[in-house]
Amino acid sequence: MFGQVSGSVTDADGNPIAYANVMVHSIPDSIMQTGTITNDDGLFEIEFNKEGTYFLRVSLLSFQTWNSEPFVLSNANLKKHFPAIALTEEVTSLQGVEVTGQRRFIERTQEGSVVNVQQSILTKGSTALQLLERSPGVILDLQNNSFSLNGKSGTLIMINGKAQRIPTADLITMLNGMSADNIEKIELLTNPSARYDLDGNAGIINIVMAKYENLGIRGNLNLSAGYGEGEKQTTGLSLNYGGERASVFGSYTFSYDDTFSGFRGIGSTEIPALGGNTSIDFTNRTQQISRNHNINLGYDLQLSEKSSFGANLLYNRSRAMSMVRNRGLYDFVDDPFLEALIRLNAKGTLRNSNASVYYEKKTDVNTFAITADYINYNNQRLNRVDSSYLDENGDPFQPDNEIYNRGNRGINETNINVGVVQLDYKKIVSETLSIEAG
């Protein structure tokens, strides 16, 4: 059966908004089901034929996120049309503004679109992950740890043109600790050219870090803090020096995030190994603490009018601690009442570094570049589980069933080292034709 969610998105003046993210979320779990982006006329159509209760979320950088009222899709009516959705611009008060030149915040290119991060003061204090979540066509699925671009899964994430081939969960941690103040632009390449690897055919998101090459020294310091279920703060520092022929740039970001979560479930289930039908009252409380360090260093040297040399180092170190406390009350049919207390403590350290050097020679018709990259990825995680059991009087005892244990320990470690040398050549044949090889 055919189903569809459709509508249009405008600004407060009624002008259509292109490339806004439009996503369908289920109720009550708020899980993202599907999504799309608006076209040049601000219109959207989402083919969706799953019964249930949902709400629509529309977001775009520099606008406030819009959420619809709940709506129901049923076999009797699998279509939902929204009248014009007006987004409200985010407003920041400033004492004074001096404008010397301006690019468009979102630009269209032959390869896709570009989000010029530095053109909006509303991105200040955000993380790289928050920018991606609100960029046109980008959908982050935290349940499955995946990025998609314009509905295509398997999107390749790059930083300064270098592919980040690490687990998506670790990449999300790294981006969540990276300050948006150190990002120049985000390239959303839905139609990447031949200079990119073939595995980017589902789309490429390239995060370009800021380089300040003006003469002299300049720096930037930003601090942000907050409190939800726990403390959160981000500190970022960048220093840059530009000379006549050489420039040096560097940035450091530290972030701290302390979060809590939990739930309670009450019900019954059939567990043959435990005697049949069992009544369960289960409570979970989880505390997670993460600390992220991000360092970006670079050097560029203009050897001549037509050639240049440069080096770059990107380093990330993340430490995460998890403390999970589970309490289960089990009332068995054949066996006595049991209270299980399970304590999980986990510590993990992630280190990811990407070093790169390049040489480029460029003329009016030819471009030759050679790049050497070295990637080191190391992830260690220690886990310890301790279990104890109480009877209906609250006294400790050890159940007879072999599925009950006192605890266990485990360690996971991944270490990857990769070196790559890449050659690229481009020749401009005419105004409408160019040849690229690599």
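The structure reproduced in this document is the subject of the present report.

Cut-offs applied
- Residues numbered from 1 in each chain as written.
- Predicted model: local features only at pLDDT ≥ 70, side-chain atom pairs only at ≥ 80, totals over all residues.
- Heavy atoms only, no water.
- Core = buried A, V, L, I, M, F, W, Y, C linked by side-chain atoms within 4.5 Å.
- Buried < 20%, exposed > 50% of the residue type's maximum accessible area, 1.4 Å probe, protein only.
- Contact = heavy atoms within 4.5 Å.
- Pairing = 2+ DSSP bridges.
- Helix = DSSP H or I, 4+ residues; strand = E, 2+ residues; numbered from the N terminus.

**Topic: the nonpolar core**
General note: in soluble globular proteins, nonpolar side chains tend to be found buried as a group.
For step 1, the next point in the chain: The biggest cluster of nonpolar side chains holds 51 residues, and the ones touching the most others in it are Leu 56, Phe 147, Leu 175 and Ile 186.
For step 2, the next point in the chain: With sequence-adjacent residues up to four places away left out, Ile 186 is seen in contact with Ser 113, Val 114, Val 115, Val 117, Leu 131, Leu 132, Ser 135, Ile 205 and Asn 206.
For step 3, the next point in the chain: Grouped together as the second largest cluster of nonpolar side chains are seven residues, Ile 280, Tyr 330, Phe 332 and Leu 338 included.

**Comments concerning the sheet that holds strand E14 (residues 152-153)**
For step 1, the next point in the chain: Taking strand neighbours across the sheet as the criterion, the three strands line up as E12-E13-E14 in an open arrangement whose pairing is antiparallel. Whereas interior strands pair on both sides, the edge strands pair on one side only; in this sheet they are strand E12 (138-141) and E14.
For step 2, the next point in the chain: Here strand E13 (residues 146-149) pairs with E14 via two bridges, running antiparallel. Each bridged residue has a counterpart across the sheet, and for Leu 149 the counterpart in E14 is Lys 152.

**Some points on the pairing of strand E5 (residues 52-59)**
For step 1, the next point in the chain: Pairing of strand E2 (residues 21-26) with E5, which is carried by six bridges, proceeds in the antiparallel orientation. Across the sheet, residue Asn 21 finds its bridge partner in E5, namely Ser 59.
For step 2, the next point in the chain: The pairing of E5 with strand E6 (residues 66-67) spans two bridges and is classified as antiparallel. In the sheet register, Arg 57 faces E6, and the bridge partner there is Asn 67.
For step 3, the next point in the chain: Between the end of E5 and the start of E6, which pair antiparallel, lie six residues, with Ser 62 showing a positive phi angle near 80 degrees.

**A look at the sheet that holds strand E18 (residues 204-209)**
For step 1, the next point in the chain: Across the sheet, which stays open at both edges, the six strands sit in the order E10-E11-E17-E18-E15-E16 with mixed pairing between neighbours. Looking along the sheet, the strands with just one partner apiece sit at the ends: strand E10 (106-108) and strand E16 (162-163).
For step 2, the next point in the chain: Pairing analysis gives two bridges linking strand E15 (residues 156-159) to E16, with the strands arranged antiparallel. The partner of Ile 159 across the bridge, within E16, is Lys 162.

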